[in-house]
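# Structural characterization, general
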Protein chains: 2
Amino acid sequence: MSLLVVGSVAFDDVKSPSGSKKNILGGAATYCALAASYFTEVRVVAVVGDDFGAEQEQVFKKHKIDTRGIERAAGKTFRWGGTYSDNLNEAKTDFTDLNVFEKFQPRIPREYDDTEFLFLANIQPTLQADVRRKLNRARLIGCDTMNYWINRTPRELAETLKVVDVLLINDTETKMLGHDTNLPRAAQRVLAMGPKALVIKHGEYGATIFFREGAFGMGRHPFRAPTLPIEEVKDPTGAGDSFAGGFMGYIASQQEVNREVLKRALFYGGVMGSFAVEDFGTARLQSLTREEIEARFQVFRELTHLE
Amino acid sequence: MSLLVVGSVAFDDVKSPSGSKKNILGGAATYCALAASYFTEVRVVAVVGDDFGAEQEQVFKKHKIDTRGIERAAGKTFRWGGTYSDNLNEAKTDFTDLNVFEKFQPRIPREYDDTEFLFLANIQPTLQADVRRKLNRARLIGCDTMNYWINRTPRELAETLKVVDVLLINDTETKMLGHDTNLPRAAQRVLAMGPKALVIKHGEYGATIFFREGAFGMGRHPFRAPTLPIEEVKDPTGAGDSFAGGFMGYIASQQEVNREVLKRALFYGGVMGSFAVEDFGTARLQSLTREEIEARFQVFRELTHLE
C-alpha cells in the first residue's frame with residue numbers, strides 16, 4: 001500500500017562534533033519518505049524552489065518515491081542551519097530561512113486520492129487538517145507536531161488531533177501538550193484529545209506507544225521499543241522523521257493494522273532513526289539494504305527479549 | 001544464598017509534589033536490603049546512632065534481615081533532607097548531617113565471612129575495597145558510587161573498580177567516569193577499568209547492562225530492561241538502591257550467574273525501583289508481596305516482548 005508523506009523538503013547546514021556539511025538535502029518529508037521507502041511505495045507532497053535540481057530529484061527517484069506531489073515554486077527551497085554540541089541531544093539553530101515553504105499550501109495530485117496511509121509531518125496544524133480532509137480513503141493517519149504549534153496554535157492543533165489516528169511526538173512535547181509533568185498521565189490527556197494512539201519518542205532510549213482504551217481492538221497496555229545507543233552519532237538531524245518513516249512505512253506494508261503490527265512498527269521506527277544518525281543528512285538512509293534493516297531489528301529485539 | 005549489603009542507614013525528611021514526611025527510615029542499605037529481602041536472605045553492615053530504636057529495627061526484622069552487622073554508635077544517625085520539584089528527576093538537598101556515618105568503618109561480623117553475594121552501596125571507595133578484600137568467598141560483588149567520589153577520589157575509585165564484578169551507576173555518572181559524552185563509548189571505558197559488567201540506570205526508561213568481552217561466558221551484546229513510568233511518583237528517594245536490591249537479590253537467589261540470570265535480574269531491579277517510588281520512604285517496599293512483584297515483572301516483560 002502507498003504511504004503519502006506531507007511536509008518539508010529542505011537544504012541543511014549541519015555542524016556536529018563529527019564535522020560539518022553544507023547544503024545537504026534534508027527536511028522532514030525527505031527523511032520520512034526515504035526511511036519508509038524500504039518498506040512500501042511512497043508519495044510526497046512538498047514544495048521546493050529553483051535550487052532543487054536533478055541531483056536532489058534523483059535521490060527520491062532512486063528510492064522509487066513518487067515526486068508528482070513536489071511542487072516547484074519560484075524562489076529558494078527552505079533552508080536550515082544548526083549546530084550540535086557535545087551531548088548531541090538538541091541543535092542550536094543557526095538560521096531558518098523558510099523561503100518557498102513559508103507559503104506552502106499542500107496540493108494533493110488527483111493520482112494520490114486513493115492514499116490509504118498518510119503521514120503529516122510537522123507543518124501548521126490547519127494545513128495538516130486540510131490535507132487529512134481531502135483524503136477520504138485514508139485508513140491510518142500519522143501526525144507530528146512541535147512545541148511551536150503547541151504554544152502558538154493550540155486550538156488549531158486540537159482540531160487536527162481530532163482527525164488523526166497516531167500522534168508521534170517526544171517526551172517534552174507530550175508533557176507540554178498534556179499539561180502534566182508526569183509522562184503517563186500526560187499521555188492519557190493527549191489521547192483524550194483525539195488520537196487512537198500516541199507514540200512518544202524518547203531519543204536514545206527508544207519509544208513508547210500508548211493506546212486509547214479499545215483502540216485497535218486492544219486494551220490500554222502501552223508498548224515500548226528500545227533502541228541501542230550508537231557509538232558515533234554524526235548528525236542527529238531527522239532522527240524523529242526517520243523514526244516516523246520506519247513506523248508508517250512498516251504499517252503501510254502490512255495487510256492489517258493490529259497491536260502486533262504496531263509493536264513491530266515501533267521497533268522499525270527505532271531502527272530507521274538509529275541508522276539516520278550514523279551519517280550526515282540522509283547519506284545513511286540512501287545507502288541501506290533491507291538485510292541491514294532486518295539485522296538491526298533482530299539486535300533491537302534481542303536487546304530486551306527474555307526467553 | 002545470602003546477600004550482604006554495606007552502606008548507609010538514615011533518617012530522611014522528604015518533600016515532593018505529593019506531600020512531605022519527616023524522620024522516615026531511609027539510607028541506601030535500607031532500601032537495598034528491603035528490596036532484596038523478597039528474593040533472598042539479607043545481611044546488613046551499617047552504622048546507626050542512639051535515635052535508631054526498636055521501631056526501625058523491627059522494619060528489618062519483619063523482613064528477616066540479619067542486623068548483627070548494624071553497629072550502634074554514640075550520637076545521631078545520618079540525616080538527609082531533600083525536596084523534589086515537579087519533574088521529580090533530581091532532589092534539591094536541603095541538608096546532610098552525616099553524624100555517626102562520618103566515621104563509618106564497616107566491621108564485618110565473623111558470621112558474615114561466608115558471604116557469597118555482596119553489594120557495596122555508595123560509600124567512600126577505599127572503604128568499599130576494604131570490605132571486598134575481607135570477603136574472600138564472595139562470588140559476585142556489586143558496587144555503586146556517585147559523582148562526589150568520581151570527582152574527588154578518582155584514584156581510590158579506580159582501585160575499587162578493579163575488585164568488583166558489577167558496577168551500577170546512572171547515565172551521568174557513566175559519562176563522567178568514562179570521560180565521554182557518548183554513552184556506549186563511556187560504558188566501554190568504564191568496563192576497561194575493571195568490572196565485568198556495567199549496569200546503567202536510566203531512571204524512568206529502565207536500565208542497560210553492558211558486558212566486558214568474555215565476561216560471564218558471553219559476548220559483548222548489551223541488554224536492556226525497560227520500566228513502565230508510574231502515574232504517581234510520590235518519592236523518588238532510594239529508587240536506585242531499590243533497583244540494586246532487586247538486581248542483587250534475584251542473582252543471589254539463583255544457582256548460577258549467567259547471562260539469562262543477569263537479564264532477569266535487570267528486570268527485577270526495574271520492578272523494585274518502580275515500587276519504591278510509589279510511596280514515601282520505604283513504605284511500599286515494606287508492604288509488597290512476591291505475587292505483586294511477579295505480576296509487575298510480567299507487565300514489564302510484556303512491555304517490550306515481540307512474539
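This text gives an overview of the structure that appears in the document. (Residues numbered from 1 in each chain as written. Chains lettered and ligands numbered in written order. Predicted model: local features only at pLDDT ≥ 70, side-chain atom pairs only at ≥ 80, totals over all residues. Heavy atoms only, no water.)

Between chain A and chain B, which share one sequence, the superposing operator has a rotation angle of 180° and an axial displacement of 0.0 Å; the RMSD is 0.0 Å. Expressed as a symmetry operation, the mapping of one chain copy onto the other fits a two-fold axis. (Least-squares fit on C-alpha atoms with pLDDT ≥ 70 in both.)

Now for the pattern of salt bridges. Within the structure shown, the criterion is met by 40 salt bridges over all chains. The shortest N-O distance in the salt bridge between B:Lys92 and B:Asp94 comes to 2.8 Å. Relative accessible area serves as the criterion here: at 33%, B:Asp94 is assigned to the partly exposed category. Residues B:Asp130 and B:Arg133 are paired through a salt bridge, measuring 3.6 Å at the closest nitrogen-oxygen approach. Of this pair, B:Asp130 and B:Arg133 both sit in helix 3 (residues 125–134), 3 residues apart, roughly one helical turn. Since its relative accessible area comes to 47%, B:Arg133 is described here as partly exposed. Connected through salt bridges with shared partners, the residues A:Glu278, A:Arg284, A:Glu292 and A:Arg296 form a single ionic network. (Salt bridge = Lys/Arg side-chain N within 4 Å of Asp/Glu carboxyl O. Buried < 20%, exposed > 50% of the residue type's maximum accessible area, 1.4 Å probe, protein only. Helix = DSSP H or I, 4+ residues; strand = E, 2+ residues; numbered from the N terminus.)

Residues and elements named next belong to chain B. Here helix 9 (residues 259–276) contains 18 residues, and its C-alpha end-to-end distance of 26 Å stays within 8% of the 26 Å for a straight helix at 1.5 Å per residue. Helix 9 sits mainly inside the fold: 15 of its 18 residues count as buried. A distance of 3.2 Å separates the backbone nitrogen of Glu 260 from a side-chain oxygen at the start of helix 9, and that oxygen is part of Asn 258. (Expected span 1.5 Å × (residues − 1). Polar contact = N/O pair within 3.5 Å; in protein donor to acceptor, adjacent residues only side chain to side chain.)

All names here are of chain A. The sheet built from 4 strands is open, its strands ordered 3-2-6-7 with mixed pairing. Each of the sheet's edge strands pairs with one partner strand only, and the pair in question is strand 3 (19–26) and strand 7 (91–97). When the angles between neighbouring strand axes are averaged without regard to direction, this sheet yields 15°. Bridging between strand 2 (residues 10–16) and strand 3 involves 6 bridges; their strand directions are antiparallel. Across the sheet, the residue bridging to Ala 10 is Gly 26, located in strand 3. (Pairing = 2+ DSSP bridges. Axes fitted to C-alpha atoms, helices over the stretch in contact; angles between N-to-C directions.)

With 36 residues of chain A in contact, the opposing surface of chain B contributes 36 residues. For the chain A and chain B pair, buried surface summed over both sides reaches about 3,300 Å², with 53% attributable to carbon and sulfur atoms. Among the residues of chain A in contact with chain B, A:Tyr205, A:Arg224 and A:Leu306 are the three that bury the most area, contributing 25% of the side total. For the interface between chain A and chain B, the tally reads 0 salt bridges. Where chain A packs against chain B, one counts 18 residue pairs in polar contact (both at pLDDT 80 or more). Elements represented by at least two residues in the side of chain A that touches chain B include exactly helix 6 (171–177), helix 7 (183–191), strand 13 (223–225), helix 9 (259–276) and helix 11 (290–304) of chain A. Considering every element that reaches the side of chain A that touches chain B, the biggest residue donor is helix 11 of chain A, with 5 residues. Here the residues of the side of chain A that touches chain B sort into 14 nonpolar, 7 polar and 15 charged. (Contact = heavy atoms within 4.5 Å. Buried area = accessible area lost by both parts, 1.4 Å probe. Nonpolar A, V, L, I, M, F, W, Y, C, P; charged D, E, K, R; others polar.)

On to the pairing of strand 8 (residues 117–120) of chain B. Residue and element names in this part refer to chain B. Here strand 8 shows no split at all, with Phe 117 and Phe 119 on one side and Leu 118 and Leu 120 on the other all buried. Bridge analysis of strand 1 (residues 2–6) against strand 8 gives 4 bridges, and the strand direction is parallel. Its bridge partner being in strand 8, Val 6 is matched across the sheet by Leu 120. In this sheet, strand 9 (residues 140–143) lies alongside strand 8 in parallel orientation, the contact comprising 4 bridges. Its bridge partner lying in strand 9, Phe 119 is registered against Gly 142. Each parallel crossover has a hand, and the one from strand 8 via helix 3 to strand 9 is right-handed. (Right-handed = clockwise from strand over helix to strand, strands pointing away.)

The next thing to look at is the packing of aromatic side chains. All names here are of chain A. Tallied over the entire structure, the rule returns 23 aromatic pairs over all chains. Where Phe 52 meets Phe 60, the ring centres are 6.2 Å apart and the plane angle is 50°; that geometry is what we call tilted. With relative accessibility at 3%, the residue Phe 52 sits in the buried group. Both rings, one in Tyr 268 and one in Phe 297, keep their centres 4.4 Å apart while their planes meet at 15°; by these two values the pair is stacked. Placement of the pair is Tyr 268 in helix 9 and Phe 297 in helix 11, with a sequence separation of 29 residues. (Phe/Tyr/Trp six-rings, centres within 6.5 Å; stacked < 30°, edge-to-face > 60°.)

None of this, on its own, says anything about what the molecule does.
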